[in-house]
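So you can see what is in the structure, the chains are spelled out below.
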Amino acid sequence: MPALNECTDNLIVHLTLAPYDKREQRRLGIELFQQHDYSVYVWDLSEIMCPLITKGNGYTEGIGHDSCYRQFNNKKAVLAAIDQLPEKCMIISWVGLSSKTYSIFRAISARKIRYVIFGSNSLPLVSRNKTILNKLRKLDYRKILDSLFARIPLGLLKVKSAYMVLLDGQEAINKRFNLTDCKTKRLWLHTLDYDVYLELKEEVNKSNNNNCVFLDDYLPYHPDFIMMNEKPPVESRQYYSDLESFFSHVEDRLGVTVVIAAHPRSNYTDKPHAYKNRKVIYGATAQLVRDSCFVIAHASTAINYAVLFKKPIVFIKTNELDLHICGAHIETMASCFNKKTINVSCDCAVDWRRELIVDQIAYNNYLRNYIKKDETIQKPFWKIFIDEINNAP
């Protein structure tokens, strides 16, 4: 890989918040960019943005000393690296504008480097009243400062607007991006999950279809709560106990086996109490959903796979989740499919005939709104992007 100052036009830099593992390598399209003669660098800002997040706090181990990956531990080093970039390179930012990133975007703007915002991760919006109440309960000085940054015009901040924003379903038009303006180009693609679906949809399903899959959200330990300096929404032992009781009921009632599709940032090796003797499978969520008879979920983005493979979805919550904004997210997600959430902390009757129905209209609407617009191209995500920038004037 050439040094930064030796690269010319075909240089891409990803600004990320995640350590560089094999999953991240695929998500960032590294091999595809390289196949199209781009030099690609991944700059990991996680230690700057969220220093409490370490491998022990839920992030998976990286894949070694890949020459394209660099982890920064202070902003001064990031600013120095930006100063070495050629003006005609392009930055793809997975990081938004905040008090912690302001100097970084000022430096990018001063160098007149084009940057792109990743916005292809749409989810149904929770009721505004519930969101406001939740935010008021969790205000701190950093969040107040970041909220102010989101409202100050970019010109006053001396930050240049994004060259492009990458979008998925048609509801993405309603998302607010504090780094865009009327000059920012909107490029409609799809979710990254759709790429995985395109790879798998033609494969032969060799499963006996007797498995039900739970989409793990790693709620008691998720690193996002560490990053946001928030207490997790559930206490681990009660949460996993409630889940186990429900999974056992499902198996007894329906004669299926419940397996766990582990969250990609999870680490259950030191948490034997979590799922007891159940199969916890990493890195195969799409395949597990495709080969399942139905899916159990909270509000994971992996629900996209259930929509694409047309699998019934059973939405669950607990008493603790009902008291947290996460409960509202689950209810909002369930309503998109004309479903009610099941509280697994209670002994409640479940109408399995209703739960195992796939509402084709609701699934198609969700696909169109949050995964992929009808008219967008059926190509890999980063191939669409590469074609776009290669053909740009």
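Residues numbered from 1 in each chain as written. Predicted model: local features only at pLDDT ≥ 70, side-chain atom pairs only at ≥ 80, totals over all residues. Heavy atoms only, no water.

**Quick look at the side chain of Thr341**
Considering the arrangement of structural elements, one finds Thr341 in the loop between helix 15 (325-336) and strand 13 (342-343). Exposure remark for Thr341: the relative accessible area of 19% places this residue in the buried category. Only 3.4 Å separates the side chain of Thr341 from the side chain of Lys317, close enough to count as a polar contact. When sequence neighbours within four positions are dropped, the list of residues in contact with Thr341 reads Phe315, Lys317, Ile330, Glu331 and Ala334. (Helix = DSSP H or I, 4+ residues; strand = E, 2+ residues; numbered from the N terminus. Buried < 20%, exposed > 50% of the residue type's maximum accessible area, 1.4 Å probe, protein only. Polar contact = N/O pair within 3.5 Å; in protein donor to acceptor, adjacent residues only side chain to side chain. Contact = heavy atoms within 4.5 Å.)

**Things to note about the sheet that holds strand 9 (residues 257-261)**
In spatial order, the strands read 10-9-8-11-12-13; together these 6 strands make up an open sheet with parallel pairing. This sheet does not close on itself; its edge strands, each paired only once, are strand 10 (280-281) and strand 13. Pairing between strand 11 (residues 294-297) and strand 12 (residues 313-317): 3 bridges, direction parallel. In the strand pairing of strand 12, Ala297 is matched with Phe315. (Pairing = 2+ DSSP bridges.)

**Details of the pairing of strand 1 (residues 11-16)**
Within strand 1, 6 of the 6 residues are buried, leaving the element largely enclosed by the surrounding structure. Covered by surrounding structure in strand 1 are Leu11, Val13 and Leu15 together with Ile12, His14 and Thr16, the residues of both alternating faces. Examined bridge by bridge, strand 1 and strand 4 (residues 90-93) share 4 bridges and lie parallel to one another. Bridging across to strand 4, Leu15 finds its partner in Ser93.

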